[in-house]
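# Structural features, examined
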Amino acid sequence: MQITSLLQRFEAISLDEMDDVALLNRFDSKYQLSVSKLSKVLEAIKDDYFILEIEGKRKHKYSTIYYDTGSDELYTSHHNGRLNRLKIRKREYLSSGMSFLEIKRKNNKGKTRKLRMVAENKNSSFTLKELDFLSANTNFDFILSNFTLPVKNTNAFERITLVNKDYSERCTIDLSMVSYSKNRKVEMDSMAIVELKQGSVNEKTPLAEALNQLRIKPQGFSKYCIGRAFLEPDLKQNLFKERLIQLKKQFNGSIVLKPTKNSTTSIFNENKKNNGSVTGYDYKRATKVVGH
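These lines cover the structure that appears in this document, whether it is placed above or below. (Residues numbered from 1 in each chain as written. Predicted model: local features only at pLDDT ≥ 70, side-chain atom pairs only at ≥ 80, totals over all residues. Heavy atoms only, no water.)

### Description of the packing of helix 6 (residues 223-231) against helix 7 (residues 241-250)
Packed helices, taken two at a time, are described by the angle their axes make and the gap between the axes. Applied cut-off: Here an axis means a line fitted to C-alpha atoms, over the contact stretch when the element is a helix, while the angle between two N-to-C directions is reported on a 0 to 180 degree scale. Only DSSP runs of H or I covering at least 4 residues are called helices, and only runs of E covering at least 2 are called strands; the numbering of each starts at the N terminus. For classification purposes, an angle smaller than 35 degrees is called roughly parallel, one larger than 145 roughly antiparallel, one from 65 to 115 roughly perpendicular, and anything else oblique. Contact definition: two residues touch when any of their heavy atoms are within 4.5 Å. Each residue is assigned to one class: nonpolar for Ala, Val, Leu, Ile, Met, Phe, Trp, Tyr, Cys and Pro, charged for Asp, Glu, Lys and Arg, and polar for all the others, Gly among them.
With their axes 11 Å apart at the nearest point, helix 6 and helix 7 run at an angle of 85° to one another. One finds that helix 6 runs roughly perpendicular with respect to helix 7. Across the interface between the two elements, I226, A229 and F230 from helix 6 touch R243, L244, L247 and K248 from helix 7. Classifying every residue of the contact of helix 6 with helix 7 by side-chain character gives five nonpolar, no polar and two charged.

Laid out in structure tokens, this is it:
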């Protein structure tokens, strides 16, 4: 309730007004902190940032499907610290009903570039148009299909989006994250994941200063990789082990693994056919979700 109350003290901004700070080509800095410390951060910056509001809501639900090759090339690249790496995902913005197919690429300068298209369906299968988009923007040495890029992980969380009042920085704060494998889930209810998205590296913004005052330092956190590492003990993760131990200690045993019900795993086993375009999307409005 304290977080919800604090959010009401921010001045609201709409999706249209956020156009100038989409920052799809940017530097990212990630922080993990407790929800109680997040309250202190929000209190410190409430006069310096706008908050995204859509239809009266200031927290928005997201769900994500992550794809990888059969040999987990994308996960392994991240695990091994490869500088040029990417993620492929389909993300649904549940508040607006929009879904995007996204390629998130990090280069050897540490800069993140995100490419996206409006997804033609909300399930895990790719349409021909979606496969064309992936083929045009990746360089795999095999033909992409619904079988060569299977689903490897899914997640769900709530997001708060902030924009500083000089429009040079955007921030996302993710709460109540749950990550799913085929038969298990890991809940991270007490963790807040803060990500600063800036046009240049290490800008000294009010939010960065507030985090620094609480001695919260930036640390890498991939929802995809950390989720899989917690859920799949047989997956290569020796370079992540120290990080997993640190997170368990930091959040005092509140990172919980549980079995899932059969209904939650169907997306991993979905019949992969080209389902064609789904009509009914508001494409004009969907483009406004870029940067959301």
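### Quick look at the nonpolar core
This is how the line gets drawn: Residues belong to a common nonpolar core when they are buried Ala, Val, Leu, Ile, Met, Phe, Trp, Tyr or Cys residues joined through side-chain atoms within 4.5 Å. Accessibility here uses a 1.4 Å probe with only protein chains present; expressed as a share of the type maximum, an area under 20% marks a residue as buried, one over 50% as exposed, and anything in between as partly exposed.
In terms of nonpolar packing, the biggest core is built from 26 residues, with M188, M191, F221, F230, L247 and I255 touching the most fellow members. Elements with a minimum of two residues in this core: strand 4 (60-67), strand 6 (98-106), strand 10 (184-188), strand 11 (191-198), helix 6 and helix 7. Per element, the largest residue contribution to this core is six residues, and it comes from helix 6. With sequence-adjacent residues up to four places away left out, M191 is seen in contact with Q32, L33, D174, L175, S176, F221, L247, F251 and I255. In terms of nonpolar packing, the next biggest core, distinct from the first, is built from 25 residues, V41, I45, C171 and A192 among them.

### Structural notes on the pairing of strand 10
The condition is simple: Strands are treated as partners if at least two bridges between them are detected by DSSP.
Across the five residues that make up strand 10, a large majority, four, are buried. Both strand 9 (residues 169-180) and strand 10 contribute to a ladder of four bridges, which runs antiparallel. By the bridge assignment for strand 10, S179 is matched with V186. Hairpin geometry of strand 9 and strand 10 is characterised by an intervening segment of three residues between the two adjacent antiparallel strands. As paired strands, strand 10 and strand 12 (residues 256-259) are joined by four bridges and run antiparallel to one another. Along strand 12, the bridge assignment pairs V186 with L257.

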